Amino acid sequence: PFFLAMAVLPSLWAPASPFLLLAGALYDLPIAIMGCGLALTVNQALSWLLAGKLFRPAFERLVHRFGYSVPEITPNSMISIAVLLRITPGVPFPLQNYLLGLARMPFGWYIAISAPISIIMGSSIIIFGDAIMKGNTALVLLAISLFIVISLGVRQLRSRLNRKAREEKTS
């Protein structure tokens, strides 16, 4: 029930982070990481289906009502945009999913990019939550180190993608 709720509820705008924080306390770490990884991937697939196919006309009307246009991703920019959206802090997980679905990102590319990033970032939150719940200082330090490594990697990747985008504009 826990992983099923995690697979469905974020599509209804429930935050995914409480699930990630609690998973390590409820399950052994490998089960928590695998279960959450599968739940996040199922949620991404469901959200893509909802935004990109089933409710696309309703979402388009909603976006236009607020004065925006539905984003379109070109094949040249889809990987960069998807990665930047996934690694940008503060963008809610459901919004990331719906934006990429609305942008008509092909499903194969969408999952191939989104799932690994979400699983890696989610795993660090699972480890952190597990460490806090168990009072394991060494594991808390490992989780914080993992956050730092991911943050540095994200920063490096963002600068590389921004530089690539600037080079493409000048070409």
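Note that the coordinates shown come from a computational prediction; the quantities given were computed from them, not determined experimentally. (Residues numbered from 1 in each chain as written. Predicted model: local features only at pLDDT ≥ 70, side-chain atom pairs only at ≥ 80, totals over all residues. Heavy atoms only, no water.)

Chemist: Summarise the layout of surface pockets; cite the residues concerned and give the values.
Modeler: Quantified by volume, the largest pocket comes out at close to 560 Å³. In this structure, the largest pocket is lined by 25 residues; those nearest its centre are R86, V91, Q96, M121 and I125. Of all the elements in the fold, those that place two or more residues in the lining of the largest pocket are α2 (17-26), α5 (78-87), α6 (93-102), α7 (107-134) and α8 (137-170). Looking at the lining of the largest pocket residue by residue, the classes come out as 15 nonpolar, eight polar and two charged. A volume near 150 Å³ is recorded for the second largest pocket. Residue lining of the second largest pocket: W13, F59, L62, V63, L95, Y98, L99 and L102, and that is the complete set. Elements supplying a minimum of two residues to the lining of the second largest pocket: α4 (56-65) and α6. For the lining of the second largest pocket, the class distribution of residues is eight nonpolar, no polar and no charged. (1 Å grid on protein atoms, 1.4 Å probe; cavity = no way out; pocket = protein on both sides within 12 Å on 5 of 7 lines; lining within 4 Å. Points joined across faces, edges and corners; volume = space filled by probe spheres on them. Helix = DSSP H or I, 4+ residues; strand = E, 2+ residues; numbered from the N terminus. Nonpolar A, V, L, I, M, F, W, Y, C, P; charged D, E, K, R; others polar.)

Chemist: Hey, could you go over the packing of helix α3 (residues 29-54) against α7 for me, with residue numbers and the actual values?
Modeler: Two elements in contact, α3 and α7, have axes separated by 8 Å at closest approach and are oriented at 145°. You can see that α3 and α7 cross each other, and the crossing is right-handed. On the side of α3, the interface is formed by L29, A32, I33, C36, G37, L40, T41, Q44, A45 and W48, while α7 contributes F107, Y110, I111, S114, A115, S118, I119, S123, I126, I127 and D130. Tallied by class, the residues present in the contact of α3 with α7 amount to 14 nonpolar, six polar and one charged. (Axes fitted to C-alpha atoms, helices over the stretch in contact; angles between N-to-C directions. Left-handed = near helix turned anticlockwise from the far one by under 90°. Contact = heavy atoms within 4.5 Å.)

Chemist: Break down the confidence of the model for the protein chain for me, citing the residues and quoting the values.
Modeler: Note that predicted coordinates carrying low pLDDT should not be read in detail. For the protein chain, mean pLDDT is 87; residues scoring 70 or higher make up 99% of the total. Predicted confidence in the protein chain is weakest over α8, with a mean pLDDT of 77, and strongest over helix α1 (residues 2-8), with 97. (pLDDT = per-residue confidence, 0-100.)

Chemist: Residues and numbers for the side chain of R56, please.
Modeler: Along the chain, R56 falls in helix α4. Among the polar contacts made by the side chain of R56, one reaches the main-chain carbonyl oxygen of L102 at a distance of 2.5 Å. (Polar contact = N/O pair within 3.5 Å; in protein donor to acceptor, adjacent residues only side chain to side chain.)

Chemist: Any chance you could break down α2 for me, citing the residues and the numbers?
Modeler: The complete set of buried residues in α2 reads F19, L20, A23 and G24. Seen end-on, α2 carries its buried residues on one side only, within an arc spanning 130°. Looking at the packing, one finds that the buried side of α2 touches α1, α3 and α7. (Buried < 20%, exposed > 50% of the residue type's maximum accessible area, 1.4 Å probe, protein only. Arc of directions from axis to C-beta.)

Chemist: Summarise a nonpolar patch on the surface; cite the residues concerned and give the values.
Modeler: On the surface, L4, V8, L9 and L12 cluster together to form a nonpolar patch covering roughly 370 Å² of accessible area. For L9, the location among the structural elements is in the loop between α1 and α2. (Patch = residues over 30% accessible without salt bridge, like charges linked within 9 Å, V, L, I, M, F, W, Y side chains within 5 Å. Areas by Shrake-Rupley, 256 points an atom, 1.4 Å probe, with all protein chains shown as cover. Salt bridge = Lys/Arg side-chain N within 4 Å of Asp/Glu carboxyl O.)

Chemist: Go over the packing of α5 against α8 with me, naming the residues and quoting the values.
Modeler: Where α5 contacts α8, the axes come no closer than 10 Å and their chain directions differ by 145°. Two packed elements cross with a definite hand, and for α5 against α8 that hand is left-handed. The segment α5 lies against α8, with S80, V83, L84 and I87 engaging V154, L157, R158, L161 and N162. Partitioned by chemical class, the residues of the contact of α5 with α8 number six nonpolar, two polar and one charged.

Chemist: Any details on α6? Residues and values, ideally.
Modeler: In terms of residue burial, α6 counts as a mostly covered element, since eight of its 10 residues are buried. Here α6 has its buried residues at F93, P94, Q96, N97, Y98, L100, G101 and L102. Lining the buried residues of α6 we find α3, α4, α5 and α7. R104 sits one or two positions beyond α6 and adopts a positive phi of about 60°.

Chemist: Describe the nonpolar core, naming the residues involved and giving the relevant values.
Modeler: The tendency in soluble globular proteins is for nonpolar side chains to be buried side by side. One finds I73, V83, L100, M105, Y110 and I113 to be the most contacted residues of the largest nonpolar core, which totals 18 residues. Sorting the residues of this core by element identifies α5, α7 and α8 as the ones contributing at least two each. Apart from the residues within four sequence positions on either side, M105 is in contact with W48, I73, M78, A82, L100, Y110 and I113. With 14 residues, the next largest nonpolar core counts F3, A23, L40 and F93 among its residues. (Core = buried A, V, L, I, M, F, W, Y, C linked by side-chain atoms within 4.5 Å.)

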